[in-house]
Amino acid sequence: MATCAALATPAQAALVQGDWDPAYGEPFPNLGWRGTATIEVPVACLSLSGLVVNDGSLCPLMTPVSALVEFYDLADEVPTVETLDFGGKVAVDRIFVSAGQVTAFGLDSTGTVLSTSPLGVTSTSPGTQALFALEIEISDAGRMTEAILYWSVNASGLGGRNDPDRPAIVTVTQTDTPAAVPLPATLSLALAGLALLGATRRRS
């Protein structure tokens, strides 16, 4: 019975996604970097209001689901030249909640990803592939979310970031995770299938 109740329980978290698509600027003058990041937010966090720090004190911890950045050439925006996966390189910092909806969220960088495409070669160090680190910041009292892509030519320090005059404003959307199918309904379908199979065998 406990298993039945657990499977019949509605979704206990919401998925919050952020999308952006700016030009980068120097030292990558031809680089466009469209991205998307998704985090999972427990419903207990959605009952709060304003800034909610992800430290587990007010609600269960929020977790990143995915974080991808696609590099493309500004002269030809359709094809993706390279995809950088920051899924294991970010952590949820905080969210901003208003009337049960996450309107902004922040991600901290926990590591870098090496570019392997010509678009990731810095003009300041010709021939050198750059490392990139992704962060998302909440600004303007929670009314805006901005993605920031830092770059460096070695793992020991950062060389710079995308052009602040062309900020990567993030569009935030929230969806509920699909609820599990209640076990009684699943059992009913299974029993009906077995009954039909038995009747078919008797007729044959």
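What counts, and at which threshold
Residues numbered from 1 in each chain as written. Predicted model: local features only at pLDDT ≥ 70, side-chain atom pairs only at ≥ 80, totals over all residues. Heavy atoms only, no water. Phe/Tyr/Trp six-rings, centres within 6.5 Å; stacked < 30°, edge-to-face > 60°. Helix = DSSP H or I, 4+ residues; strand = E, 2+ residues; numbered from the N terminus. Buried < 20%, exposed > 50% of the residue type's maximum accessible area, 1.4 Å probe, protein only. Disulfide = S-S within 2.5 Å.

**Student:** In this structure, what is going on with the packing of aromatic side chains? I would like to understand it.
**Tutor:** On inspection of all chains with the given rule, the structure shows 7 aromatic pairs. An angle of 80 degrees between the planes, with centres 5.2 Å apart, marks the rings of Phe71 and Phe132 as edge-to-face. Taken together, the residues span a long stretch of sequence, with Phe71 in strand β5 (residues 63-73) and Phe132 in strand β10 (residues 131-139) at a distance of 61 residues. Residue Phe71 shares its accessibility class with Phe132, and that shared class is buried. Through successive ring pairs, a cluster of aromatic residues spans Trp20, Tyr24, Phe28, Trp33, Phe71, Phe132 and Trp151.

**Student:** Explanation requested: the state of the cysteines in the structure shown.
**Tutor:** Following the criterion strictly, the structure yields 1 disulfide and no others. The partner cysteine of Cys45 in its disulfide is Cys59, sulfur to sulfur 2.1 Å. Between Cys45 and Cys59, the S-S torsion sits near 95 degrees, and that sign places the bridge as right-handed. Within this pair, whereas Cys45 is found in helix α2 (residues 43-46), its partner Cys59 is found in the loop between β4 (50-53) and β5, the two being separated by 14 residues in sequence. Assigned by exposure class, Cys45 and Cys59 land together as buried.

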